[in-house]
Amino acid sequence: MKIKIILIAIIATILMACRGGGVTDTRSFIPGTYVNYAEGDYSVAYDTLIIQPMSEQNSSYRIYRKTAYQRKENGKLMKLQRENEQWVALYNEETKSMQEVKRGKIITIYPDAGRILVANREYTKLTNKN
C-alpha cells in the first residue's frame, strides 16, 4: 500500500512539473532580440524585433521593430532605408502565442527551436554568449 501511495505521489509531482514547466519555459523564452533576413528579386531586408515585458504582473509585451532594407534596380542595391515601429502584444496562455494589438498579427512562439513566427516571417532568437 505504501508503495502505491509513493508511486502516485511521484507521478503526480512529475505531471505537475511538466504542466507548469511548459508555460514558464514559453513565457521566459519570449523576452529577447530576434532577427530575420529576407532577399528577393526587388529588395533585401534586415528585420530585428526586441521584445520586452511591459510588467511582470500581466501578459503584455512591448515589441520594437527595426527594419533596414535596400531596393534593387537592375540587380544593383540602392540606398539603405530604415524604419522603426513599436507594437504592443498580449500573450495567450492557452495557445502559447501572442497577438499584436493594433493590427491583430499572431506571433507564434517556438522555444525549443529558438524561433518565433510573425504571420509568415520567421525570426531567430539571438542568444547571449558569456
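What comes next concerns the included structure. These figures come from a predicted structure and were not determined experimentally.

**Some thoughts on the pairing of strand E8 (residues 121–125)**
Next up, step 1: Alignment of strand E1 (residues 32–39) against E8, held across two bridges, turns out to be antiparallel. Following the sheet pairing, Tyr34 is matched in E8 by Lys125.
Next up, step 2: The antiparallel pairing of strand E7 (residues 115–118) with E8 creates a hairpin that spans two residues between the two strands, and Ala119 there sits at a positive phi of about 55°.

**Points about the pattern of salt bridges**
Next up, step 1: Tallying each qualifying case throughout the model produces seven salt bridges.
Next up, step 2: The salt bridge partner of Arg121 is Asp47, with a shortest N-O separation of 3.0 Å. In this pair, Arg121 is assigned in strand E8 and Asp47 in strand E2 (residues 43–53), connecting sequence segments 74 residues apart.
Next up, step 3: Exposure remark for Asp47: the relative accessible area of 1% places this residue in the buried category.
Next up, step 4: With a shortest N-O distance of 3.5 Å, Glu85 and Arg103 are connected by a salt bridge. Highlighted residues: Glu85 in strand E4 (residues 76–92) and Arg103 in the loop between strand E5 (97–100) and strand E6 (106–110), separated in sequence by 18 residues.

**Topic: the environment of Glu122**
Next up, step 1: For Glu122, the position within the fold is in strand E8.
Next up, step 2: Glu122 sits 88 residues away from Tyr34 along the chain, and the two C-alpha atoms are 9.2 Å apart.
Next up, step 3: In contact with Glu122, not counting residues within four places along its chain, are Val35, Asn36, Arg115, Ile116 and Leu117.
Next up, step 4: A distance of 2.6 Å separates the side chain of Glu122 from the side chain of Arg115, its partner in a polar contact.

**Thoughts on the sheet that holds E8**
Next up, step 1: Taken together, eight strands build a closed barrel; the order of strands is E1-E2-E3-E4-E5-E6-E7-E8 and the barrel is antiparallel. Strand-to-strand twist across the sheet, computed as the mean angle between neighbouring axes with direction ignored, equals 30°.
Next up, step 2: Across eleven bridges, E2 lies against strand E3 (residues 60–73) in antiparallel orientation. If you follow Asp47 over to E3, its bridge partner there is Thr67.

**Considerations on the packing of aromatic side chains**
Next up, step 1: In total, this model carries two aromatic pairs according to the counting rule given.
Next up, step 2: Centre to centre, the rings of Phe29 and Tyr34 are 6.0 Å apart; their planes meet at 75°, and the pair counts as edge-to-face. There is no split in this pair, since Phe29 and Tyr34 are both buried.
Next up, step 3: Note on Tyr37 and Tyr46: the rings are 5.3 Å apart at their centroids and 45° apart in plane angle, and the pair reads as tilted.
Next up, step 4: Its relative accessible area of 47% is what places Tyr37 among the partly exposed residues.

**So, the pairing of E6**
Next up, step 1: Only one face of E6 is covered, namely the one carrying Ile107 and Ile109; the face carrying Ile106, Thr108 and Tyr110 has none of its residues buried.
Next up, step 2: Direction of pairing for E5 relative to E6: antiparallel, over a ladder of three bridges. Counterpart to Gln99 in the pairing with E6 is Ile106.
Next up, step 3: Two successive antiparallel strands, E5 and E6, enclose a turn made up of five residues, where Gly104 displays a positive phi of approximately 80°.
Next up, step 4: Relative to E7, E6 is paired through four bridges, and the arrangement is antiparallel. Residue Ile109 lies in a different strand from E7, and its bridge partner there is Ile116.
Next up, step 5: Hairpin connection of E6 to E7: four residues between the antiparallel strands, including Gly114 at a positive phi of 70°.

Criteria and cut-off values
Residues numbered from 1 in each chain as written. Predicted model: local features only at pLDDT ≥ 70, side-chain atom pairs only at ≥ 80, totals over all residues. Heavy atoms only, no water. Pairing = 2+ DSSP bridges. Helix = DSSP H or I, 4+ residues; strand = E, 2+ residues; numbered from the N terminus. Salt bridge = Lys/Arg side-chain N within 4 Å of Asp/Glu carboxyl O. Buried < 20%, exposed > 50% of the residue type's maximum accessible area, 1.4 Å probe, protein only. Contact = heavy atoms within 4.5 Å. Polar contact = N/O pair within 3.5 Å; in protein donor to acceptor, adjacent residues only side chain to side chain. Axes fitted to C-alpha atoms, helices over the stretch in contact; angles between N-to-C directions. Phe/Tyr/Trp six-rings, centres within 6.5 Å; stacked < 30°, edge-to-face > 60°.

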